[in-house]
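So you can see what is in the structure, the chains are spelled out below.
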Amino acid sequence: MRGFIDFFIEVMLDNNSDAAILNYAIKIISNKHLGNFAYDYFIKKVHHLTLLYPYLVLILEEYVFERHNVEKKRIEIIANDLYNLGIRKKNYEICSYAIYYAMKYDFKLSQITIKKDSIRSCDCIFLMIAYLYDKKNQKKSYLKEYKDLAIKLYDEDFQRYWLFCYEILTQNELRDKYKDLKKAKISFILDSFVK
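Residues numbered from 1 in each chain as written. Predicted model: local features only at pLDDT ≥ 70, side-chain atom pairs only at ≥ 80, totals over all residues. Heavy atoms only, no water.

Asker: Kindly report on the overall build of the protein chain, identifying the contributing residues and their values.
Answerer: If you tally the helices and strands in the protein chain, you get 12 helices and zero strands. The order of helices and strands in the protein chain, counted from the N terminus, is α-α-α-α-α-α-α-α-α-α-α-α. Dimensions of the protein chain, computed from the C-alpha atoms along their principal axes, are close to 60 × 35 × 30 Å. Buried positions account for 45% of the 195 residues belonging to the protein chain. For the protein chain, the proportion of contacts with a sequence separation of at least 24, taken over those separated by at least 6, is 59%. Carbon and sulfur atoms make up 53% of the accessible area of the protein chain, which amounts to about 11200 Å² in all. (Helix = DSSP H or I, 4+ residues; strand = E, 2+ residues; numbered from the N terminus. Buried < 20%, exposed > 50% of the residue type's maximum accessible area, 1.4 Å probe, protein only. Contact = heavy atoms within 4.5 Å. Areas by Shrake-Rupley, 256 points an atom, 1.4 Å probe, with all protein chains shown as cover.)

Encoded structure:
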């Protein structure tokens, strides 16, 4: 396992850090049965590589977590590390994936500043998933800042934040076609994440 992964890292580095090479290596391993030591090494190495090459977050769920039945505790550690990296690097897509993993695999992130971080980010998807996470884990009163922000953004920059505004605001707070969509109970979020 070590030789295989090291070989692919070397090839990747020789090819201007082409992400497709590491993606391919992980996908190959995803179709193999791993013994205990190989499994442990693989998960640790993927964890480390994802922090170095955050684009790997796109394949973690399907090709690592699901294919190898990775334990919830390990996913939680990876998600917390990804969230912290995303905040440090201002890469809010990584933060969004970390929150998504927390919601999908049913654990809480150790980060207690998710609401503040998401509001400060000015990133629509990060705001949306942070709201859904907090809606699942916090009291209704905790969500007021999200609601206030959605009302403000609806008037100031709706095109950029339409998903966040649409999903949070009520039918009476929306106008035109969005009001009609809300009346028809249309959502752009999977039911499993709304509840």
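Asker: Let's hear about the pattern of salt bridges: which residues, and what values?
Answerer: Following the criterion strictly, the structure yields 12 salt bridges and no others. Between Asp40 and Lys44 there is a salt bridge, and its shortest N-O distance comes to 3.1 Å. Residue Asp40 and its partner Lys44 are located together in helix α3 (residues 36–52), separated by four residues, close to a single helical turn. Asp40 gets classed as partly exposed once you look at its relative accessible area, which sits at 27%. Here Lys152 ties to Glu156 by a salt bridge, and the two come within 3.5 Å at their closest N and O atoms. Of this pair, Lys152 and Glu156 both sit in helix α9 (residues 144–156), four residues apart, which is roughly one turn of the helix. (Salt bridge = Lys/Arg side-chain N within 4 Å of Asp/Glu carboxyl O.)

Asker: Give a detailed account of the environment of Asn84, specifying residues and quantitative values.
Answerer: Its location among the elements puts Asn84 in helix α5 (residues 72–89). For Asn84, a relative accessible area of 29% gives the class partly exposed. Here the alpha-carbon distance between Asn84 and Cys95, two residues 11 residues apart in the chain, equals 7.6 Å. A distance of 2.7 Å separates the side chain of Asn84 from the side chain of Gln111, its partner in a polar contact. (Polar contact = N/O pair within 3.5 Å; in protein donor to acceptor, adjacent residues only side chain to side chain.)

Asker: Break down the environment of Glu66 for me, with residues and values.
Answerer: With respect to the helices and strands, Glu66 occurs in helix α4 (residues 57–66). Assessed through its relative accessible area of 38%, Glu66 is described here as partly exposed. For Glu66 and Ser30, which are 36 residues apart along the polypeptide, the C-alpha to C-alpha distance reads 9.1 Å. Each residue touching Glu66, except ones within four places of it in the same chain, is listed here: Glu61, Lys104 and Tyr105.

Asker: Tell me what's going on with the packing of aromatic side chains, and back it up with residues and numbers.
Answerer: Taken as a whole and assessed by the stated rule, the structure comprises 16 aromatic pairs. When the centroid spacing of 5.5 Å and the interplanar angle of 65° are considered together, the rings of Tyr166 and Phe188 count as edge-to-face. With a gap of 22 residues between them, Tyr166 in helix α10 (residues 158–168) and Phe188 in the loop between α11 (176–183) and α12 (191–194) connect regions that are remote in the sequence. Members of the aromatic cluster, joined through ring pairs, are Tyr154, Phe158, Trp162, Tyr166, Tyr178 and Phe188. Positioned over the ring face of Tyr142 is Lys115, at 3.7 Å from the centre of the ring. Lying over the aromatic face of Tyr166, Lys182 brings its terminal NZ or CZ to 4.7 Å of the ring centre. (Phe/Tyr/Trp six-rings, centres within 6.5 Å; stacked < 30°, edge-to-face > 60°. Lys NZ or Arg CZ within 6 Å of the ring centre and 35° of its normal.)

Asker: Residue-level account of α4, with values.
Answerer: Across the 10 residues that make up α4, a large majority, seven, are buried. Inspection of α4 places Val57, Ile59, Leu60, Glu61, Tyr63, Val64 and Phe65 among the buried residues, and these make up the whole buried set. Next to the buried residues of α4 lie α2 (19–30), α3, α5 and α6 (92–104).

Asker: I'd like a rundown of the side chain of Ser96, residues and numbers included.
Answerer: Relative to the helices and strands, Ser96 resides in helix α6. Residue classification places Ser96 among the buried residues on the basis of a relative accessible area of 8%. In contact with Ser96, not counting residues within four places along its chain, are Ile125, Phe126 and Ile129.

Asker: Tell me about α3, residues and numbers included.
Answerer: With 17 residues, α3 extends 24 Å between its outermost C-alpha atoms, agreeing within 8% with the 24 Å of an ideal straight helix rising 1.5 Å per residue. All buried positions along α3 are accounted for by Tyr39, Tyr41, Phe42, Ile43, Lys45, Val46, His47, Leu49 and Thr50. Where α3 is buried, its residues meet α1 (2–14), α2, α4 and α5. (Expected span 1.5 Å × (residues − 1).)

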